[in-house]
Amino acid sequence: MAKTIIEKIWDEHIVYEEEGKPDLLYIDLHLIHEVTSPQAFEGLRLANRKVRRPDLCFATMDHNVPTKNLPVINDPIAKKQITTLAKNCEEFGVQLADMEHPDQGIVHIIGPELGLTQPGKTIVCGDSHTSTHGAFGAIAFGIGTSEVEHVLSTQTLWQGKPKTMEIRVTGKIGFGVTAKDIILAIISKFGIGVGTGHIVEYTGEAIRGLTMEERMTICNMSIEAGAKAGLIGPDETTINYLRGRRYAPQGEEFEAAAERWLALNTDEGAVYDQVLEIHADEIEPFVTWGTNPSMGSGISANIPTTADYVSETDKSALRSAMEYMGLEEGMALTDIEIQHAFIGSCTNARLSDLEAAANVVKGKHVHPTVTAIVVPGSRTVKKQAEDIGLDKIFTDAGFEWRESGCSMCLAMNDDVVPAGERCASTSNRNFEGRQGAGSRTHLVSPSMAAAAALHGHFVDVRKIDAAVQI
Amino acid sequence: MEPINKIESVLTPLDKNNVDTDQIISKEFLKRIERTGFGQYLFYHWRFHADGTKNEEFVLNDPRYDGSTILVAHENFGCGSSREHAPWAILDYGFRVVIAPSFADIFYSNCFKNGILPITLSVAEIDEFLHKGKEAPYTLTVSLEDQTVAGEDGSVYSFNIDPYSKKMLLNGWDEISLTFQYEDKITEYEQKHA
């Protein structure tokens, strides 16, 4: 029977199945960070259990780490969480890239970078943006802390088989339109709950044309459409990215693996439970204006009005978003002024993201009313960027150049947007208070964030300067 | 985990859709390394103004719902982050049942690991309960065994739940201990895929 890549990977990982029960699924890679793991390790300790496969775990510190004055953490509770992870990794034999380790970075950036993320794997982490790893043709999803404990002790999870969904992006994206705009457009068009209970496969010409880093941006935000996971079938782009990475197979083994990986692709005639389609040529550079990732529009649009919605719940959600965001229904997106720009996060802090932003700001200067920071996704990205002089471009333009971590995406460290202030952010969530209590987040691509930082308000990056290559 | 079966309580009407986990438990409270004590931070920025005073307009601060163990909201409850601190906060605050037309996957799954029963009812059924619950305190009786939610004036609605999760909640079982019964299968799988 013809199968989707989702079913192929799933079926390959079933340890045990029985009518009326979820499948017992084997987990190939367990990524760990400081925030969602301490209670899980404590659970092991209390029950006198060990980590079944420490060799399949990899830990790092990202959510709480400071992005300046390393390694000083002023907050004693945050510090305790960091030291607890180090202690747990040592006690249970789990490999750790700690705050000062050269491999440190946002967990979803370093997994691919180190070649730990590979096609066909089942990958979990106590973090919803684990969907990022799906870009390689893996089933990767976020789990809660009880499940972290379950994986640590058994290397398995009980999982009901999810439904399958194809999201096809037809045609080619236009000039100045990025992977971030594609995924924001998908979420805006189909809604933040559309993927609930499904694993999504992204297909179509526009997806095939993306680099691995761009594919990671797409898959990263699958969770913002409610999907359990999102993936893209492996191809030559995937294989070329992985060749030579530290934890990928090497030499002949790699070539054999590559052949297996390519065979994972969805069979012709395989049927998805649901198929959605969007045309790339209808996608513009995007800006969110509300308090969830589906509340966004192309830059040339205006914010909707309550008259655009039918249900009272939706009307009330718009009113409540406008009140929180300090905006008016119907206003032009280009009239929204910002005070902060954040280029970073597991969505958009890879080298190509920083390059895109640097191309926009090169030789220019941040608007006097804007504070702008760049937070590379990993120490490796930071070094690569410095090697080609991006740090200098940013600092010359008035940006701060920071150490790697999750930073202002969720503001668990000191990188906080003050109440009432507005941030053009390359991150993934614009929920109330996400970047600090009372803060107002607008999700955009790196080039759009950079352009907004220069102008002090949102602008169409396609129009700002004909000489800019995006 | 505490078993759950029959729950009778006034419902707390949370008249919002897409309630995300950042609202349920804000990130500044995720730094603790314990599982307990999160109830005081539940919906913190909705319950309290920036100056720390109570937001009297927020439903959790309405004394009519004091002691309620059933939370009712609109669709896509628990979207966003995987943080299990969200169900920990809900449980620690005193809720045992959350009723909504739909739930985000990770939140839904996290509930079952903590003895919280997430119930999916239709939009019309939820609207009815929210409407009644907002007008005056309205008591619901939930039976997990029978898979029903009964309103105090006689309306009874049934809900679906997968039999595995139902059994776990009814018995309050620790899933890891159960999984260890399949250890030979796991070992077999590992040997086959080594």
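Residues numbered from 1 in each chain as written. Chains lettered and ligands numbered in written order. Predicted model: local features only at pLDDT ≥ 70, side-chain atom pairs only at ≥ 80, totals over all residues.

Engineer: Break down the pairing of strand β2 (residues 23-26) of chain A for me, citing the residues and quoting the values.
Structural biologist: Residue and element names in this part refer to chain A. As judged from the two bridges shared by strand β1 (residues 14-16) and β2, these two strands associate in the antiparallel manner. Each residue of the ladder has a partner; that of Y16, found in β2, is L24. Hairpin connection between β1 and β2: a loop of six residues separates the two successive antiparallel strands, and G20 in this loop has a positive phi of roughly 85 degrees. Relative to strand β8 (residues 156-159), β2 runs antiparallel, the two sharing four bridges. Looking across to β8, one finds that L25 is bridged to L157. (Pairing = 2+ DSSP bridges. Helix = DSSP H or I, 4+ residues; strand = E, 2+ residues; numbered from the N terminus.)

Engineer: Just give me the short version of the sheet that holds strand β12 (residues 274-279) of chain A, but keep the residues and values in it.
Structural biologist: Residue and element names in this part refer to chain A. Read from one edge to the other, the open sheet built from four strands follows the order β11-β10-β9-β12, with strand pairing classed as parallel. Two strands lie at the open edges of the sheet, namely β11 (229-231) and β12, each paired on one side alone. Shown here is a sheet whose adjacent strand axes are inclined to one another by a mean of 20 degrees, direction ignored. Examined bridge by bridge, strand β9 (residues 163-170) and strand β10 (residues 198-203) share six bridges and lie parallel to one another. Paired with I167 across the strands is Y202, a residue of β10. Those strands touched by helix α1 (residues 5-12) are β9, β10 and β11, and its axis lies near 135 degrees from that of β10. (Axes fitted to C-alpha atoms, helices over the stretch in contact; angles between N-to-C directions. Contact = placed C-beta atoms within 7 Å.)

Engineer: So what's going on with the sheet that holds strand β3 (residues 29-32) of chain A? Residues and values would help.
Structural biologist: All names here are of chain A. Here we have five strands laid out as an open sheet, ordered β5-β4-β3-β6-β7, and parallel in their pairing. Strand pairing shows two members of the sheet lacking a second neighbour, β5 (95-97) and β7 (139-142), which therefore form its edges. Across the sheet, the axes of successive neighbouring strands diverge by a mean angle of 20 degrees, strand direction being ignored. The pairing of β3 with strand β6 (residues 122-125) spans three bridges and is parallel. Its bridge partner being in β6, L29 is matched across the sheet by I123.

All quantities given are derived from atomic positions and should not be read as evidence of function.
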